[in-house]
Amino acid sequence: MLFSKMFIPTLREAPADAEAISHILMLRAGYVRQLAAGLYMYLPLGWRVINKINAILKEEMDAINGQEISLPILHPAEIWQQTGRWDAIRDEMFRLKDRTGRDMCLGMTHEEIMTWLASREIRSYRDMPQVWYQIQTKLRDEARPKSGILRTREFLMKDSYSFDTSEEALDKNYQLHAEAYHKIFKRCGLTFMMVESDPGMMGGGVSHEFMAPSPAGEDEVALCDKCGYSANVELALSTPSQIETKSWEKEEIHTPEKRTVKEVSNFLKLTPEYFIKSILVISDNGPVLALVRGDQELHEKNLSKVIGNHRPAQKIEVKEILGVEAGFIGPIGHQLRIVADTCLREGAYVCGANKPHYHIRGIKAEEDFAAEWHNIHIARARDFCVKCGNALKVERVIEIGNIFKLGTKYSSALKALYLDENGQEKPIIMGSYGIGPARIAAAAIEQNHDKDGIIWPKSIAPFDVEILPLNMKDTVTIEAAEKLYRELSKKGLDVLMDDRDERAGVKFKDADLIGIPLQIIIGEKNLKEGLVEIKNRKTKEIVKRPLEEARFSV
RNA sequence: CGGGGCGUAGCGCAGUCCGGUAGCGCACACGGUUCGGGACCGUGGGGUCGAAGGUUCAAAUCCUUUCGCCCCGACCA
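Residues numbered from 1 in each chain as written. Chains lettered and ligands numbered in written order. Predicted model: local features only at pLDDT ≥ 70, side-chain atom pairs only at ≥ 80, totals over all residues. Heavy atoms only, no water.

Undergrad: Could you give an account of the domain arrangement of chain A, naming the residues involved and the relevant values?
TA: One can read the domain layout of chain A as domain 1 (46-216 + 397-445), domain 2 (251-374) and domain 3 (463-552). Averaged C-alpha coordinates put domain 2 and domain 3 at centres separated by 68 Å. (Domains from an automatic or database assignment.)

Below, the structure written as structure tokens:
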């Protein structure tokens with residue numbers, strides 16, 4: 001491909017509204033342009049990258065007997081109504097009506113449609129297993145699109161679905177997908193890990209996420225180097241640091257105007273670990289007091305597992321229910337349901353006295369209050385692994401893929417049933433598995449760049465090699481460049497040649513920005529000795545090779 | 001949806017407080033000189049100042065409304 005014939009609008013300066021590195025570099029290097037919030041267009045270079053990634057996805061999906069199909073993105077509402085998601089999902093679904101007034105929506109994902117197809121076509125246990133996949137556009141009216149192509153309202157997703165007759169068979173397809181995903185991300189040159197995740201509203205039991213470490217990520221995972229425990233902090237468990245039990249006599253202390261843990265701990269010259277943080281929430285069954293240690297944050301999702309739906313109490317509610325403002329509430333002196341973090345079972349603490357401007361020192365669990373004990377704190381770095389006791393790390397990550405065991409949630413709702421060996425009618429057992437190609441591209445840039453631009457992993461670079469003939473007015477240079485271009489193309493390589501009549505500096509800058517892994521620089525002086533330079537974009541190493549042999553070095 | 005910021009030429013910005021001929025750099029076009037890390041000189045084209053309404057002799061600037069984009073948070077099937 002000739003640079004002069006390709007649309008590569010590079011930018012010297014990044015548009016002001018780009019923040020994430022991958023976003024800035026993709027704009028500057030001419031890979032993408034933004035149409036509106038969360039809507040991006042892929043320009044020739046960007047689309048080549050996506051297609052390279054898609055090719056890898058297809059190879060690895062085919063290798064586990066996945067079959068590529070293509071489903072509509074415009075869906076009739078009825079199918080989503082049958083699984084209950086039409087109502088369960090609120091503003092995030094794009095909805096519309098067709099000309100006859102029929103409710104429709106744009107697909108956020110394709111469990112419903114895939115299952116609908118299976119319900120029509122799979123009748124016997126003999127028809128399974130099946131793994132169907134597509135690389136298809138999804139639409140979600142995101143509350144907050146952000147970070148360039150990392151979180152958009154319209155995006156491509158490789159989504160596959162497995163249909164099986166037993167949990168064991170599902171396990172096998174799940175495992176095959178996990179292995180395929182490892183291969184895919186490895187081939188794409190990413191640093192990544194597989195972690196336990198919260199299935200959320202996908203339903204079903206087990207799920208894992210594939211995470212690429214990057215400061216640009218939106219998720220955090222807790223990791224144990226020793227035993228390999230790794231989980232999204234949304235569900236990670238941890239053992240907090242132990243603290244020495246103080247031998248306090250129980251007493252009320254006057255703490256005027258000291259409301260937060262920070263204020264009271266400063267006032268009493270105690271570290272926050274010696275406090276109980278009391279949080280009043282309103283559940284569907286009335287108010288509940290949640291307790292965590294002063295240095296911890298309440299884990300909403302874990303609390304939900306214990307008490308179901310809940311929301312924080314408003315200030316007025318706190319006063320109505322406990323008779324005192326939020327800064328001075330505690331677990332004693334009332335009959336509220338109490339759910340406390342397990343670590344509070346041991347030790348003596350300071351907590352609110354349920355009396356204005358007073359706290360109590362020397363509170364002990366069981367002696368002074370009764371509670372239901374659960375792990376309801378958010379795991380933090382330097383907490384300890386619940387499995388092996390080693391110190392945990394917490395890392396910021398980009399979610400690049402996920403796998404879910406769906407079970408029969410969708411097949412039951414949509415009557416995707418089959419007859420087993422005994423003529424019994426049973427729901428198909430399903431799994432669903434997603435990967436975002438654009439996120440792979442963005443994560444690759446986040447993990448591989450320098451001050452000059454992108455450094456693509458070879459496997460997903462838009463081209464394998466870029467030839468830079470420095471002086472386009474020199475016929476010897478041009479001839480050498482064209483010869484090399486033909487030779488490399490003949491080898492089956494994707495070659496970009498910067499044939500523009502630009503100064504050398506411009507070509508160097510653009511080449512580094514665009515990030516093709518190898519550059520072959522053809523300069524007049526070297527060429528007089530029959531030499532060209534081969535430059536590694538990542539290491540910046542340059543080796544000189546005879547023109548005649550250059551093709552063997554690529 | 002809550003909090004914050006920003007909309008002036010393709011991009012980056014100044015001008016807005018304190019109303020008075022719309023500017024700078026880059027990019028673009030033409031001419032010349034240059035030519036291995038985003039060249040230099042000269043000339044030139046390009047803007048309903050996000051939009052609507054209002055105040056005023058006069059609005060990029062003041063007031064009201066509205067739209068868009070970004071960031072933090074909530075949310076994230």
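The discussion continues.
Undergrad: Can you tell me about the packing of helix α2 (residues 44-63) against helix α6 (residues 167-187), naming the residues and giving the values?
TA: Two elements in contact, α2 and α6, have axes separated by 10 Å at closest approach and are oriented at 150 degrees. Taken together, the axes of α2 and α6 are roughly antiparallel relative to one another. Helix-helix and strand crossings are classified by hand; for α2 and α6 the assignment is right-handed. Listed contacts from α6 to I56, L57, E59, E60 and M61 of α2 are H177, A180, K183, I184 and R187. Here the residues of the contact of α2 with α6 sort into 5 nonpolar, 1 polar and 4 charged. (Axes fitted to C-alpha atoms, helices over the stretch in contact; angles between N-to-C directions. Helix = DSSP H or I, 4+ residues; strand = E, 2+ residues; numbered from the N terminus. Parallel < 35°, antiparallel > 145°, perpendicular 65-115°, else oblique. Left-handed = near helix turned anticlockwise from the far one by under 90°. Contact = heavy atoms within 4.5 Å. Nonpolar A, V, L, I, M, F, W, Y, C, P; charged D, E, K, R; others polar.)

Undergrad: Help me get a handle on the sheet that holds strand β17 (residues 337-341), residues and values and all.
TA: In a beta sheet, neighbouring strands are held together by backbone hydrogen bonds and run either parallel or antiparallel to one another. Taken in spatial order, the 5 strands make up an open sheet running β16-β14-β15-β17-β20, and their pairing is mixed. The sheet is open, and its two edges are formed by β16 (310-312) and β20 (372-374), each paired on a single side. Strand-to-strand twist across the sheet, computed as the mean angle between neighbouring axes with direction ignored, equals 35 degrees. Of the pairings in the sheet, the one linking strand β15 (residues 286-293) to β17 comprises 4 bridges and is parallel in character. Looking at β17, one finds that L289 is bridged to I338. The strands touched by helix α8 (residues 300-307) within the sheet are β14 (276-283), β15, β16, β17 and β20, with β17 carrying the most contacts at an inclination of about 140 degrees. (Pairing = 2+ DSSP bridges.)

Undergrad: If you had to explain the confidence of the model for chain A to someone new, which residues and values would you point to?
TA: Predicted confidence across chain A gives a mean pLDDT of 93, with 99% of residues reaching 70 or more. Reported confidence for the predicted complex is 0.95 by ipTM and 0.93 by pTM. (pLDDT = per-residue confidence, 0-100.)

Undergrad: Any chance you could break down the pattern of salt bridges for me, citing the residues and the numbers?
TA: Enumeration over the complete set of coordinates arrives at 43 salt bridges. Between E142 and R151 there is a salt bridge whose closest N-O contact spans 3.0 Å. Take R151: its relative accessible area is 24%, and that puts it in the partly exposed class. Residue K483 is joined to E487 by a salt bridge in which the shortest nitrogen-to-oxygen separation is 3.1 Å. One end of the pair, K483, and the other, E487, are both in helix α12 (residues 475-490), 4 residues apart, so they sit about a helical turn from each other. Each of D450, K451, D452, D512, K535, R537 and K540 takes part in a single network of salt bridges with overlapping partners. (Salt bridge = Lys/Arg side-chain N within 4 Å of Asp/Glu carboxyl O. Buried < 20%, exposed > 50% of the residue type's maximum accessible area, 1.4 Å probe, protein only.)

Undergrad: Break down the pairing of strand β8 (residues 154-164) for me, with residues and values.
TA: Judged by how many residues are buried, β8 sits mostly within the fold: 8 of 11 residues are covered. One ladder, built from 10 bridges, connects strand β7 (residues 130-139) with β8; its direction is antiparallel. Of the residues in β8, the one forming a bridge with W132 is Y161.

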